[in-house]
Number of protein chains: 2
Amino acid sequence: MPIPRAKPTISQVAEVAGVSRASVSRAFTNPHMLGEATVARILGVAEDIGYVPNRTARALSTGRTGNVALVVPDIANPFFPPLIQAAQSLADKSDFCVFLGSSGEDPAQEDKLLSRFADQVDGMILVSSRLPEDRIRHHADARPLVLVNRDVNGIPRVLIDSGVGVAQAVSHLADLGHRRIVYLGGPSQSWSNRQRSAAVHKSARAAEMVVETINALVPTHEAGRQAAGAIRETGATAVIAFDDLLAQGVMAGLSELGLSVPGDLSVVGCDDVLGAATYPALTTVSNRSVEAGEQALSLLLDHFRSGALGDVRFLMDTHLVLRATTAARSLGRQAGVAQPVRKGA
Amino acid sequence: MPIPRAKPTISQVAEVAGVSRASVSRAFTNPHMLGEATVARILGVAEDIGYVPNRTARALSTGRTGNVALVVPDIANPFFPPLIQAAQSLADKSDFCVFLGSSGEDPAQEDKLLSRFADQVDGMILVSSRLPEDRIRHHADARPLVLVNRDVNGIPRVLIDSGVGVAQAVSHLADLGHRRIVYLGGPSQSWSNRQRSAAVHKSARAAEMVVETINALVPTHEAGRQAAGAIRETGATAVIAFDDLLAQGVMAGLSELGLSVPGDLSVVGCDDVLGAATYPALTTVSNRSVEAGEQALSLLLDHFRSGALGDVRFLMDTHLVLRATTAARSLGRQAGVAQPVRKGA
DNA sequence: GGCAATCATGCAACCGGTTGCGTTGTCAAG
DNA sequence: CTTGACAACGCAACCGGTTGCATGATTGCC
């Protein structure tokens, strides 16, 4: 009739079972080193008095914590939760616990979080890091690190290649007759933003379109709404936003200005986080965040087992998801600038 | 010219500074026990060789980990991220790290997570727990525990009282002439669901309305969509859904069935997670998830400091947010049952 | 029947901090 | 000059496990 007030320790199990602490430890970690009968007895006693190995103590001794850290810029941004969910769920299957950190898009904060996590985790996943490259390398030096949507040479990374989808978006707009578009950019430190921006410009150049860039500091609905005015000023007939949140904000802002979508302007988002929930349903670029989360965690686990993995660069492609926010260029809204004749197709 | 390959330990600092390990420890935790000059020297050496106290070792020694756990049923459910964000952000300010767990709406999984977290945290926050009461008590016995949206006597809890808002919704529908409504329920283990269901029934009774209940097992868009058929069969003219996800799914499903909202049926959601993003904009009940997250974490921190806090029951009220998915009962769709005359107002 | 290999288990050091208590040194009061 | 109080710091045990090595007991084999 054991009365386990405080958590039972290995010593108590040892005493009750009449063996040494070492044997108890081995019964849990290396049962084959012990006699079957002994193992059974020890496990039985442990069960009885409700003993369960202390992860902290184990971590201190072995250096392995059984924890991983996941850091994102903003939990509330709907792009991340599915990714987090996927990673956490997979971690769970390998008996890992996951620390979650949200940096609020602030590099300093991100840095602080990583330092705090460093000595309690076996590795970390950095999603859409806003950190300068040298800081990333610094942390990667301390612990196994996997990046998501950030491309740093020599550090394992999984990248959602939105370039493909964005390129499709641009040529789709071109096909609809748009000659002047704006790219509403996201965080300047964001790899995805740079990639999308580059894709827009490159594709637009190929299609001989004019593209103006307006930058939103943070990818939020509100920032998008506020950008609507500036977008109108450009005289563009279509806008590609860094992500769906911004796109949705733009739609709201445009609506307040009395402009209709896609009647007056076409809008395309990115990441497909809102499904078909907006009205009109947002044309956007698909995401692969669930797979990205799984892949990142999977890479990390591989790293734990096999020592180190080389220069992994896992690329996932995307595509345009056509819905209802794009239409042929409205004749009522001319760009007001000389339009180069579009050649080809 | 120190070459700190492996993480420096307290012993190395001690050696370099020419003091005992105890003094180094105290320089960080109890500086006033040491001479000013000594503290300065130790801190200087630590800075030089890049020493930072190991949280795991400290935890083992003191019993305090500096971590908290946060467990939710489903990270991807948009109700939770703002709450998580708020809690994590607040934890951060007190130098706490947060473990995140997602149970996938599964009590067994939730139980497993809590056990895994138990010995590495100072306390936990259980959001919308699906656990039976005795299991909750069991875990609360092991570690300080704060509940969100779950009402268990004697355990600190913060509750978002959606009853008020739901009651407003019902009487709003009554005012619009609806006589027969359906309540599309959520997870049966959910306190919020029981609370909302009770509020619907009570208010409906007061208004002499008939309410049928249909249960969705999980609160997802898909589940809502699939419930649309059953809803139509009831002949009801309005539906109140457990949450916005279900409501949005219902709208999608209704639309597929050729029914319009609010023309044929009125729909009201709960939690206001989608903002005005749906079309038509969803009438719903406000939430307070950010405050709930902050409050929960705050209670936990209080508990750490003051030992134990009594039987806290923090209630936050809500209200109906009128948007565009409710309208007067369509005359074209009679409920097909005898309608009691509504008395009063 | 004696010796070596093998198996099962214990001993004790270690992981990196924290902390109760004892020791040393200093200074002021008696 | 002794004594007492106090400040500053070191000793060593401890937190709860893990693990290299040693030991004693079997067993196999010649």
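### What about the side chain of Asn 77 of chain B?
All names here are of chain B. Within the secondary structure, Asn 77 sits in the loop between β1 (67–72) and α5 (80–93). Asn 77 sits in the buried class, given a relative accessible area of 6%. Setting aside residues no more than four positions away along its own chain, Asn 77 makes contact with Pro 219, Asp 243 and Leu 245.

### Some remarks on the protein's contact with DNA strand D
The environment of DNA strand D is made up of 28 residues, and the closest members are Ser 25 and Ser 61 of chain A together with Ser 23, Gly 35 and Thr 38 of chain B. Close to the protein, within 4 Å, the atoms of DNA strand D belong to sugar or phosphate groups at a rate of 59%. Within the side chain of Ser 20 of chain B, one N or O atom sits 2.8 Å away from a phosphate oxygen of DNA strand D. In this structure, Gly 35 of chain B approaches DNA strand D through a main-chain N or O atom, which is 2.5 Å from a phosphate oxygen. Looking at the surface near DNA strand D, the elements that each hand over two or more residues are α2 (21–29) and α4 (55–62) of chain A together with α2 (21–29) and α4 (55–62) of chain B.

### Concerning the sheet that holds strand β7 (residues 210–215) of chain A
Residues and elements named next belong to chain A. Pairing is parallel in the open sheet, where four strands are placed in the order β7-β6-β8-β9. Every other strand in the sheet has two partners, leaving β7 and β9 (266–268) as the edge strands with one partner each. Taking the axes of each pair of neighbouring strands and ignoring which way they run, one obtains an average angle of 20° across the sheet. As defined by bridge partners, strand β6 (residues 180–185) adjoins strand β8 (residues 238–241) across four bridges and the pair is classed as parallel. Within the sheet, the bridge partner assigned to Val 182 lies in β8 and is Val 239. Here helix α9 (residues 191–206) sits on the sheet and contacts β6, β7 and β8; the angle it forms with β6, its principal contact strand, is near 170°. Sheet contacts for helix α11 (residues 244–256): β6, β8 and β9; angle to β9, the most-contacted strand, approximately 155°.

### Notes on the interface of chain B and chain A
Contact residues are listed per partner, giving 39 residues for chain B and 39 residues for chain A. Both faces considered, chain B and chain A share a buried interface measuring about 3400 Å² in area, 53% of it formed by carbon and sulfur atoms. Considering only the surface of chain B that becomes buried against chain A, Thr 56, Arg 116 and Asp 119 of chain B emerge as the three largest contributors, covering 17% of it. If you look at where chain B meets chain A, you find five salt bridges. Of the charged contacts, one joins Asp 92 of chain A and Arg 116 of chain B as a salt bridge, the two residues approaching to 2.6 Å between their closest N and O atoms. For the pair chain B and chain A, the number of links is 18 residue pairs in polar contact (both at pLDDT 80 or more). Counting only elements with at least two residues in the side of chain B that touches chain A, the list comes to α4, α5, β2 (97–102), α6 (107–118) and α7 (133–142) of chain B. Considering only residue class, the side of chain B that touches chain A consists of 18 nonpolar, eleven polar and ten charged.

### Brief notes about the packing of aromatic side chains
Residues and elements named next belong to chain A. Under the defined criterion, the tally for this structure stands at nine aromatic pairs over all chains. Ring plane angle 25° and centroid distance 5.2 Å describe the contact between Phe 99 and Phe 117, whose orientation is recorded as stacked. Taken together, the residues span a long stretch of sequence, with Phe 99 in strand β2 (residues 97–102) and Phe 117 in helix α6 (residues 107–118) at a distance of 18 residues. The residues Phe 99 and Phe 117 share a single accessibility class, namely buried.

### Re the pairing of strand β4 (residues 145–148) of chain B
All names here are of chain B. On β4, burial covers both faces: Leu 145 and Leu 147 on one face and Val 146 and Val 148 on the other are all buried. Of the strand pairs in this sheet, strand β3 (residues 123–127) and β4 are connected by four bridges, and their pairing is parallel. Within the sheet, the bridge partner assigned to Met 124 lies in β4 and is Leu 145. In this fold, the crossover linking β3 to β4 by way of α7 has right-handed handedness.

### Brief notes about the domain arrangement of chain A
All names here are of chain A. Taken domain by domain, chain A holds domain 1 (10–53), domain 2 (67–160 + 289–312) and domain 3 (161–287). With centres defined by C-alpha atoms, the gap from domain 2 to domain 3 works out at 28 Å. Taken together, the contact between domain 2 and domain 3 spans twelve residues of the former and 15 residues of the latter. In this structure, the connection of domain 2 to domain 3 is made through zero salt bridges. In this structure, the connection of domain 2 to domain 3 is made through four residue pairs in polar contact (both at pLDDT 80 or more). Considered class by class, the residues forming the side of domain 2 that touches domain 3 number four nonpolar, four polar and four charged.

Cut-offs and rules
- Residues numbered from 1 in each chain as written.
- Chains lettered and ligands numbered in written order.
- Predicted model: local features only at pLDDT ≥ 70, side-chain atom pairs only at ≥ 80, totals over all residues.
- Heavy atoms only, no water.
- Helix = DSSP H or I, 4+ residues; strand = E, 2+ residues; numbered from the N terminus.
- Buried < 20%, exposed > 50% of the residue type's maximum accessible area, 1.4 Å probe, protein only.
- Contact = heavy atoms within 4.5 Å.
- Near = heavy atom within 4 Å.
- Polar contact = N/O pair within 3.5 Å; in protein donor to acceptor, adjacent residues only side chain to side chain.
- Pairing = 2+ DSSP bridges.
- Axes fitted to C-alpha atoms, helices over the stretch in contact; angles between N-to-C directions.
- Buried area = accessible area lost by both parts, 1.4 Å probe.
- Salt bridge = Lys/Arg side-chain N within 4 Å of Asp/Glu carboxyl O.
- Nonpolar A, V, L, I, M, F, W, Y, C, P; charged D, E, K, R; others polar.
- Phe/Tyr/Trp six-rings, centres within 6.5 Å; stacked < 30°, edge-to-face > 60°.
- Right-handed = clockwise from strand over helix to strand, strands pointing away.
- Domains from an automatic or database assignment.

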